[in-house]
There are 4 protein chains.
Amino acid sequence: MTLKIGVIGTGAIGRDHIRRVTKSLAGAEIIAVTDVNQQAAEAVIKEFKLNATLYKDDVDLIQDSRIEAVFITSWGQAHESSVLKAIEAKKFVFCEKPLATTAEGCMRIVEAEMAYGNPLVQVGFMRRYDSGYKKLKEAIDQNTIGEPLLMHCAHRNANVAERYSTDMAIHDTLIHEIDVLRWLINDDYVSAQVFYPRKTKHALPHLKDPQMVMLETESGVMINVEIFVNCTYGYDIQCEIVGEEGLLRLPDEAHVQVRKGGQIGKEIGMDWQERFAHAYDVEVQDFIDNVLDKGTVSGPTAWDGYIAAVTADACVKAQISGVKETIELAQCPDFYKKEKPAAKVVY
Amino acid sequence: MTLKIGVIGTGAIGRDHIRRVTKSLAGAEIIAVTDVNQQAAEAVIKEFKLNATLYKDDVDLIQDSRIEAVFITSWGQAHESSVLKAIEAKKFVFCEKPLATTAEGCMRIVEAEMAYGNPLVQVGFMRRYDSGYKKLKEAIDQNTIGEPLLMHCAHRNANVAERYSTDMAIHDTLIHEIDVLRWLINDDYVSAQVFYPRKTKHALPHLKDPQMVMLETESGVMINVEIFVNCTYGYDIQCEIVGEEGLLRLPDEAHVQVRKGGQIGKEIGMDWQERFAHAYDVEVQDFIDNVLDKGTVSGPTAWDGYIAAVTADACVKAQISGVKETIELAQCPDFYKKEKPAAKVVY
Amino acid sequence: MTLKIGVIGTGAIGRDHIRRVTKSLAGAEIIAVTDVNQQAAEAVIKEFKLNATLYKDDVDLIQDSRIEAVFITSWGQAHESSVLKAIEAKKFVFCEKPLATTAEGCMRIVEAEMAYGNPLVQVGFMRRYDSGYKKLKEAIDQNTIGEPLLMHCAHRNANVAERYSTDMAIHDTLIHEIDVLRWLINDDYVSAQVFYPRKTKHALPHLKDPQMVMLETESGVMINVEIFVNCTYGYDIQCEIVGEEGLLRLPDEAHVQVRKGGQIGKEIGMDWQERFAHAYDVEVQDFIDNVLDKGTVSGPTAWDGYIAAVTADACVKAQISGVKETIELAQCPDFYKKEKPAAKVVY
Amino acid sequence: MTLKIGVIGTGAIGRDHIRRVTKSLAGAEIIAVTDVNQQAAEAVIKEFKLNATLYKDDVDLIQDSRIEAVFITSWGQAHESSVLKAIEAKKFVFCEKPLATTAEGCMRIVEAEMAYGNPLVQVGFMRRYDSGYKKLKEAIDQNTIGEPLLMHCAHRNANVAERYSTDMAIHDTLIHEIDVLRWLINDDYVSAQVFYPRKTKHALPHLKDPQMVMLETESGVMINVEIFVNCTYGYDIQCEIVGEEGLLRLPDEAHVQVRKGGQIGKEIGMDWQERFAHAYDVEVQDFIDNVLDKGTVSGPTAWDGYIAAVTADACVKAQISGVKETIELAQCPDFYKKEKPAAKVVY
Ligand SMILES: NC(=O)c1ccc[n+]([C@@H]2O[C@H](COP(=O)([O-])OP(=O)(O)OC[C@H]3O[C@@H](n4cnc5c(N)ncnc54)[C@H](O)[C@@H]3O)[C@@H](O)[C@H]2O)c1
Ligand SMILES: NC(=O)c1ccc[n+]([C@@H]2O[C@H](COP(=O)([O-])OP(=O)(O)OC[C@H]3O[C@@H](n4cnc5c(N)ncnc54)[C@H](O)[C@@H]3O)[C@@H](O)[C@H]2O)c1
Ligand SMILES: NC(=O)c1ccc[n+]([C@@H]2O[C@H](COP(=O)([O-])OP(=O)(O)OC[C@H]3O[C@@H](n4cnc5c(N)ncnc54)[C@H](O)[C@@H]3O)[C@@H](O)[C@H]2O)c1
Ligand SMILES: NC(=O)c1ccc[n+]([C@@H]2O[C@H](COP(=O)([O-])OP(=O)(O)OC[C@H]3O[C@@H](n4cnc5c(N)ncnc54)[C@H](O)[C@@H]3O)[C@@H](O)[C@H]2O)c1
């Protein structure tokens, strides 16, 4: 029993997921690919010796009746249209973030999925599959630190490409915190504000860097996230949750300790692919397993994609306005409601 | 050669400094004490077998011509008057924080000291003498991380007494960060804003806890300080400085590692006296040594006391207003100007 | 292209490798199984819905011409015979440790493989695939700490089953250090000595626990390994290498930091399956990839299996004699010689 | 009330204790000094502006009736004679290690002190006053890890002077472990063995470095101590105690964490003076306080000095013989018996 997958978009992450499915994970096969850049798609077929049909576009690929699941790894702007087509064709969808570039677009997907009547779509927020974040989540759900009150987070990249712009700090960087932090504490955001500290000399003139985002949730949890994409020293993801009974901190990666030349040190990685390599594996295997074994998807939903879109929009608005912007979400449909963890009891 | 000291106020910290001078430090002797509670003063004389005169008030004590230095460890409201009298009598002064309860009061001391013409006053901001903060300062002055851009700090107490009020979070708690952070980065504050996250159930109804203070400096450094005085788990002081070339973090205290019952753990202390015990020793020894050996004082000045007062006032205003409050400082007189560390060169 | 695998022995680790190949890894399929306990084998087929033939014994299974690789996960005593049959049938072999229970048995396999003329056998020493050990190896090969001089290691289990005997401390516990430590430093052992410290009250009367093994290598590196299988607190693997220019230490696993109740703590796992889960995955995927893509095996060889057997025998002898026992190895055939890392240059 | 001290030997450590008493500690005064190098003694008087008599030798100094306590900080060979004279004169003695260079010499001091009838002598084993070791001791006495079974220790210096010889690894380096380890676990040694790992290229031809010492105690605890005095990277003191219920590890010193250039690092100090600076202060203050307040000494006794001498002799013998050497101690006189901590109860 092998899951038959078609991939739309064979760029960086598309190629990586194809490699993953083909060389690292169990239970699935890439049987079709497409890309507006057909040569890119062809090259990937060759590289991984795929036994796959090359389609001219997503429409054709989705129509291939052998295909059970579609991976959407094209540019963000193209996601909505492909997702809607896939839902229409009753295919399972693994869609890289963003689900759609607008809240309205996300809502259209939500409605299409609800109209179909069963979960089909998983959004590629892979941090939920990182072992550190999973342990944070477990600890919170087990009430290890009581009710969360505050979070201190940082998202630091050593550097970014020239085309990286101030708003990408929200759409491409903060977006991962937007998804994972509310998931961690089972809460939703109500407002966002953005502050600009002193700018690093390592940022190009068009980029504000670092930035500090302050998010507030329904239950009053206050979250500050430092975004610093020219920190030079490494790819560093920090997350600290302060609760009524204690504090949790995301661990640094395990690295060999070196004692040498008057220093006790360990490495810190420089890129996100490496940092979250295992999370991507677990994420995609989980998608495959759910579809194959249970005929459904778990993981981040279209609704999570919608919330990320609304929140990111508010953050970008706050980047420009300089003031606190309200985050107004539609009512969560029953279709997407998860059971909250049982009432917490301090032990 | 022994420094002759008179102590005004023999409460908690007064008694502790007397013990320190008598039982732990070199070069000084307590030869006079006073307290509005005369019995308290008498008890301390007995406890430490001091060969000291008990005076009825600060006026009498300061007049004792044998006394070379005065320790002012009475309640905050009483400090200004005692400091001014001591300056008038040309005595060296070690004054516990606050120097005075108002900016105007601090300014009167500044002017009196300048009128006298030589430094006489040291304010009891002991964190500057903590080995962790000293190493942070050294690293910054040696340009280890380039220009500072952001700071993330936390000041957490396990719990507080019932009388602890929301504004004490500024005057008694944040006050130490107010002094030490600007000293670390050779900068001054320009604004303050206060945020209230979800309240812990462990705080009494009259107290807002935790609080989050956001300070900005002249050069644009943005500092967030979490104040959380019912964190339950320990006395925890965190300080992280993010610079253009890297990051510095104040170390936790060294404690024995225990591996037991599925856990790798170490203790975290519960009280500030213990956490900063060594810093107090170094601070007071430094005062004694400077006066004895060089006839002057180093360490936090009356001007530092003035800045702390202005900044704390702005923070309290911000606690009430909820908006960003400007911090306006008088021009720093040449008398108090320190040479800045040499222009930084990244290595 | 899928590697067709037959499994001999569907006990604990056999079942786990079947699960791994079927549910976690890419490129292979279990198409046949056998076990002296036929019901156990049948149960595993059912559990993982394998499309696999159940054979009555290893002879029959190996003869199945579709099978390209054989996993030997039966009891240790049965390994040699199955490995020899598989080599005879020109199948690739992944054999759990031990390769054989005697040095002579291992040598027979070595000779059979050399007679065949190409590498066929990989021994299941999975630590070489653990990310921590891999980083240690890289650091040593890159000469980060110059020439190794000393190693301090510990292998601790929370507890063991009643049937665990004193010599199993060598054959089942130390065996992993025996393989991985010489691999780390590109060296071979010349002697072994065993010491018995004070016995823990948690060990049953028939078991000496803890034990301390001292190994010496050709180049004079001295290694002490603490074996402590009733340490109660967790499964704890320590490895420290002291070199001429510095020191390397195997990291503890990354776990969430918790600050609570006067403690800063993190979890330490209780079992080895969890500790080395990822290493097993990488190990078996590496076997599959090498066979599929390159038609060979890499990883621990039959020669490594031979060395482990000789060394373990000397350690058991030393357990009984109490004195230093010499370890005498046959000359390494060219067939098994690996290129040593290039001459080390201190940087 | 000030303790009047005379100092015999104003070399490195003598000068440092004089500085300590004069500039850092409370309650004592140096009123007399002597040194076979009279100019050295004179220079120290000048440097610290001591109001002290310069004596021509220890005989004259000890006779000064004002002197209440004698610090013996001359070369090791001169200690015994000065200690005996001081006991005869009924002076308190703080004697740097070694108490005497032979077991017999130590025993003569033990007998002289017992003849006098009250404790007079404290030996300068300062590690007992280090906060890390003190916390280890507390944890053991509180039975945190049950009965100790094994200890892993390391004593590493970045480098040593040319005159440092193989036996000094015992007399000047291991000596501190010899004292502090048995104190930690309330036990005595019964045997010693020395192993020589591969030699570092950084050691001069006449020096064996590193060395590995294996000590066994009465209760069967097995201790291995790595001595490595050309480790190049820092001054590194490690101590790990493995008990029936868990493990304790001496902490590294607290240092600022730096994240920079792909590394997370912190400093490790290069010299022992700095590492144990605070321990020396606490040690000497403790001597002063005990003599002044209670008319006695606590801390390492003449008997501890005797045990250190016997143990060190056995270790040197073992360095030469290569075999396990027995350590035979005289019966501990009641005079020196400390109450053992109450019977341990596991919690
Ligand atoms: N979850 C994560 O951590 C993560 C990481 C990287 C990228 N992403 C997301 O994945 C998506 C792809 O990113 P990338 O880095 O691979 O970009 P990329 O530019 O490397 O690849 C995108 C590919 O999609 C193709 N494409 C564009 N429009 C298409 C269309 N309509 N039909 C078919 N192919 C089309 C392009 O030709 C290109 O080959 C983005 O939305 C990005 O945000 C997520
Ligand atoms: N630097 C620090 O970390 C630190 C720590 C604790 C206290 N303090 C400061 O030290 C001061 C004293 O605090 P405390 O905790 O010792 O308070 P406390 O109430 O224990 O002691 C104050 C003492 O001053 C006496 N006193 C009050 N007014 C007097 C006057 N006019 N003349 C003489 N005696 C007078 C009181 O009778 C009392 O005994 C406060 O300003 C406090 O903010 C600083
Ligand atoms: N690399 C590691 O970390 C690791 C871990 C566990 C076990 N092992 C090794 O794997 C082997 C199996 O261990 P286990 O824990 O799975 O034991 P187990 O007893 O759970 O399983 C062994 C299975 O082999 C079967 N068997 C025995 N002889 C057979 C034969 N001749 N033909 C077919 N089947 C036979 C038994 O019936 C049993 O089902 C052992 O050699 C052990 O040392 C290695
Ligand atoms: N506890 C520790 O950590 C520690 C550290 C360093 C030294 N020590 C010990 O302290 C002692 C001194 O060591 P040091 O490093 O200061 O040596 P040093 O050579 O620097 O000083 C010794 C001094 O003693 C003087 N001296 C020698 N014989 C004398 C005598 N009979 N009378 C008077 N003066 C005499 C010498 O002239 C010299 O000035 C040694 O026994 C050493 O082992 C202990």
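Here the structure is a predicted model, which means the values were calculated and not measured.

A. Spatial organisation of the site of ligand 2. Residues and elements named next belong to chain B. The full set close to ligand 2 counts 22 residues, and Ile 13, Asp 35, Trp 75, Glu 96 and Tyr 280 are the nearest of them. The contact in question runs from an oxygen atom of ligand 2 to an N or O atom on the backbone of Ala 12, over 2.9 Å. At 2.5 Å from an oxygen atom of ligand 2 is found a side-chain nitrogen or oxygen belonging to Tyr 280. Across the complex, the protein chains shield 80% of the 840 Å² of accessible surface that ligand 2 would expose by itself. At the level of elements, helix H1 (12-23) and helix H4 (76-88) are the ones that each hand at least two residues to the shell around ligand 2. The greatest single-element share of the shell around ligand 2, amounting to three residues, is contributed by H4.

B. Molecular detail of the domain arrangement of chain A. All names here are of chain A. Taken domain by domain, chain A holds domain 1 (3-123) and domain 2 (128-270 + 307-336). When each unit is reduced to the centre of its C-alpha atoms, the spacing between domain 1 and domain 2 is 28 Å. Each partner contributes to the interface: domain 1 provides 12 residues, whereas domain 2 provides 12 residues. Carbon and sulfur atoms make up 69% of the surface buried where domain 1 meets domain 2, a total of about 830 Å² over both sides.

C. Seen up close, the UniProt feature "domain: Gfo/Idh/MocA-like oxidoreductase N-terminal" (unreviewed entry) in chain A. The feature "domain: Gfo/Idh/MocA-like oxidoreductase N-terminal" (unreviewed entry), as given by UniProt, occupies residues 3-125 of chain A in the numbering adopted here. Taken end to end, residues 3-125 of chain A is 45% helix and 22% strand, and its two terminal C-alpha atoms sit 21 Å from one another.

D. Summary view of the relation of the copies chain B and chain A. Superposing chain B onto chain A takes a rotation of 180° plus a shift of 0.0 Å along the axis, which leaves an RMSD of 0.0 Å. Given the turn and translation reported, the copies of this chain are related as if by a two-fold rotation axis.

E. Up close: the pattern of salt bridges. Counted according to the given criterion, the structure contains 116 salt bridges over all chains. For the salt bridge of C:Lys324 with C:Glu216, the shortest nitrogen-to-oxygen distance reads 3.2 Å. Taken together, the residues C:Lys324 in the loop between helix H10 (302-321) and strand S15 (325-326) and C:Glu216 in strand S9 (residues 211-217) connect sequence positions 108 residues apart. The buried category is assigned to C:Glu216, whose relative accessible area is 18%. Of the charged contacts, one joins D:Arg108 and D:Glu80 as a salt bridge, the two residues approaching to 2.7 Å between their closest N and O atoms. With D:Arg108 in helix H5 (residues 103-116) and D:Glu80 in helix H4 (residues 76-88), this residue pair connects regions lying 28 residues apart in the sequence. For D:Glu80, a relative accessible area of 16% gives the class buried.

F. Examining the relation of the copies chain B and chain D more closely. Expressed as a screw transformation, the operator carrying chain B onto chain D has a rotation angle of 180° and an axial translation of 0.0 Å, and the superposed copies differ by an RMSD of 0.0 Å. When you check the interface residues of chain B against chain D, 100% turn up at the interface there too, and the contact is symmetric in its surfaces.

G. Examining the UniProt feature "domain: Gfo/Idh/MocA-like oxidoreductase C-terminal" (unreviewed entry) in chain A more closely. The residues that UniProt annotates with the feature "domain: Gfo/Idh/MocA-like oxidoreductase C-terminal" (unreviewed entry) are residues 137-322 of chain A. Taken end to end, residues 137-322 of chain A is 35% helix and 27% strand, and its two terminal C-alpha atoms sit 32 Å from one another.

H. Up close: the interface of chain B and chain A. With 39 residues of chain B at the contact, the number on the chain A side is 39 residues. Of the roughly 3,100 Å² buried between chain B and chain A on both sides combined, carbon and sulfur atoms contribute 57%. Summed over the three residues of chain B that lose the most area to chain A, namely B:Leu149, B:Arg198 and B:Glu244, the buried surface amounts to 22% of that side. Taken together, chain B and chain A are joined by six salt bridges. Across the pair B:Arg198 and A:Glu147 runs a salt bridge whose closest N-O atoms are separated by 3.2 Å. Taken together, the connections running from chain B to chain A amount to 12 residue pairs in polar contact (both at pLDDT 80 or more). Mapped onto the side of chain B that touches chain A, the elements with two or more residues apiece are strand S7 (148-156), strand S8 (189-195), strand S9 (211-217), strand S10 (222-228), strand S11 (236-243) and strand S12 (247-249) of chain B. Sorting elements by how many residues they give to the side of chain B that touches chain A places S7(B) first, with five residues. Residues that form the side of chain B that touches chain A fall into these classes: 17 nonpolar, 12 polar and 10 charged.

I. How the structure looks around the site of ligand 4. Residue and element names in this part refer to chain D. Ile 13, Asp 35, Trp 75, Glu 96 and Tyr 280 are the nearest of the 22 residues found near ligand 4. Gly 11 has a polar backbone atom sitting 3.5 Å from an oxygen atom of ligand 4. Ile 13 is positioned such that a nitrogen or oxygen atom in its backbone is 2.9 Å from an oxygen atom of ligand 4. Its free accessible area being 840 Å², ligand 4 has 80% of it covered by the protein chains. If one sorts the elements of the shell around ligand 4 by residue count, H4 sits on top with three residues. Taken together, the residues of the shell around ligand 4 sort by class into 10 nonpolar, nine polar and three charged.

Calculation notes
- Starting afresh in each chain, residues are numbered from 1 along the sequence in its written order.
- Note on labels: chains are lettered from A, ligands numbered from 1, in written order.
- Whole-chain, interface and lining totals are the exception, using all residues; otherwise, since this is a predicted model, local features are given only for residues with pLDDT of at least 70 and side-chain atom pairs are given and counted only at 80 or more.
- The side-chain values count all of the structure's non-hydrogen atoms but skip hydrogen atoms and water molecules.
- By convention in these notes, a residue is near a molecule or strand provided one of its non-hydrogen atoms lies within 4 Å of it.
- Distance and chemistry together define a polar contact, namely a pair of N or O atoms within 3.5 Å, with one atom able to donate a hydrogen and the other to accept it when in protein, and with adjacent residues in sequence counting only for side-chain atoms on both sides.
- Using the Shrake-Rupley algorithm and a 1.4 Å probe, accessible areas are obtained, with residue cover drawn only from the displayed protein chains.
- Strands here are runs of E lasting at least two residues and helices are runs of H or I lasting at least four, both read from the DSSP assignment and numbered beginning at the N terminus.
- Here the bounds of each domain stem from an automatic or database domain assignment.
- Residues count as neighbours in contact if any of their non-hydrogen atoms are within 4.5 Å of one another.
- The term buried area means the drop in 1.4 Å probe accessible area that two parts suffer when joined, counted for both and summed.
- UniProt positions are given in the numbering used here, feature names are shortened, and annotations may be inferred rather than shown by experiment.
- Least-squares superposition of the copies uses the C-alpha atoms of those residues scoring a pLDDT of at least 70 in each of them.
- Salt bridge criterion: a side-chain nitrogen from Lys or Arg within 4 Å of a carboxyl oxygen from Asp or Glu.
- Think of it in three bands: residues with accessible area under 20% of the maximum for their type are buried, residues over 50% are exposed, and the middle band is partly exposed, with areas taken using a 1.4 Å probe on protein chains only.
- Gly counts as polar in this scheme, as do all residues outside two lists: the nonpolar Ala, Val, Leu, Ile, Met, Phe, Trp, Tyr, Cys and Pro, and the charged Asp, Glu, Lys and Arg.

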